[in-house]
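So you can see what is in the structure, the chains are spelled out below.
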Amino acid sequence: MIDTKDKKSWSLYKEGLTKGIFQLESNLGRAWSKRLAPENLEELAALIALIRPGCLKAIIDGKSMTQRFVDRKHKKEDVTYLHESLESILKPTYGVLVYQEQAMLIAVKLAGFSEMEADNLRKAIGKKKADLMAQVKEAFLEGADDKGIVSKDEAEEIFGWIEKSSRYSFNKSHAVAYALDSF
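Residues numbered from 1 in each chain as written. Predicted model: local features only at pLDDT ≥ 70, side-chain atom pairs only at ≥ 80, totals over all residues. Heavy atoms only, no water.

**Some points on unusual backbone geometry**
The criterion, for reference: Secondary structure counts use DSSP, requiring at least four H or I residues in a row for a helix and at least two E residues in a row for a strand, with both numbered from the N terminus.
Phi angles above zero are rare outside glycine, and A37 is one such case at about 55°. Among the structural elements, A37 can be located in the loop between α2 (27–36) and α3 (41–50). We note that Y94 has phi near 55°; this positive angle belongs to a residue other than glycine. Along the polypeptide, Y94 turns up in the loop between α6 (87–90) and α7 (100–111).

Right, here's the structure in full:
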């Protein structure tokens, strides 16, 4: 049995000493490991997802989702939510959209997507399908308007986050499996 609470192992991640460590051996992995300083498997899984292009290149108010997560973890920035309805979905990731499942839950909650429609969103994100993403966007905005939980501007901004993550974001189970292998 692996002791996932081993302080010496976590100190290696915190110091960016991840050369030869699955998923974090690159300069990018080492640098972000040091910045985030993960302390548990949940944070390690998030780190592995956060260094993918979806989070790194999703810039909101001049800051990537990756940097926002790090700043919020270290209390350099307050955790905020564009709308209170997002808190239950984004709270585990400091208010940052990290995983495909979070995008799916947002679509169900705010736009009334069925499980099948939410899975189409996941496919559009995971397979980088621009044509499918355009169809899903239209359905999301219409559904959000019908549900009336968020304003039209908020729906557009939220879907903008989802679109940016379509550059390549992980599902959570994938990130957790990679984190276990890494540890």
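**Digging into the nonpolar core**
Stated formally: Only buried Ala, Val, Leu, Ile, Met, Phe, Trp, Tyr and Cys residues count toward a nonpolar core, and they belong to the same one when joined by side-chain atoms within 4.5 Å. Residue exposure (1.4 Å probe, protein chains only): buried if accessible area is under 20% of the type maximum, exposed if over 50%, otherwise partly exposed. Whether two residues are in contact is decided by their heavy atoms, any of which lying within 4.5 Å being enough.
One finds I106, L121, F140 and I162 to be the most contacted residues of the largest nonpolar core, which totals 49 residues. The element contributing the most residues to this core is α3, with seven residues. Apart from the residues lying within four places of it in its own chain, the contact partners of F140 are I106, A107, A111, F113, A155, I158, F159 and I162.

**A word on the packing of aromatic side chains**
As a reminder of what qualifies: Aromatic rings from Phe, Tyr and Trp, taking only the six-membered ring of Trp, are treated as a pair when their centres fall within 6.5 Å; an angle between ring planes under 30 degrees marks them as stacked, one over 60 as edge-to-face, and anything in between as tilted.
The final tally for this structure, using the stated rule, is eight aromatic pairs. The interplanar angle of 85° and the centroid separation of 4.9 Å between the aromatic rings of F69 and Y94 together place this pair among those described as edge-to-face. Taken together, the residues F69 in helix α5 (residues 65–73) and Y94 in the loop between α6 and α7 connect sequence positions 25 residues apart. What makes Y94 partly exposed here is its relative accessible area of 22%. Geometrically, the ring pair formed by F140 and F159 is tilted, given 5.1 Å between the ring centres and 45° between the ring planes. Here F159 lies in helix α10 (residues 152–165) and F140 lies in helix α9 (residues 130–147), a separation of 19 residues in the sequence. Accessibility assignment for this pair places F140 and F159 in one class, buried. Taken together, the aromatic side chains of W10, Y13 and F183 make up a single cluster linked through ring pairs.

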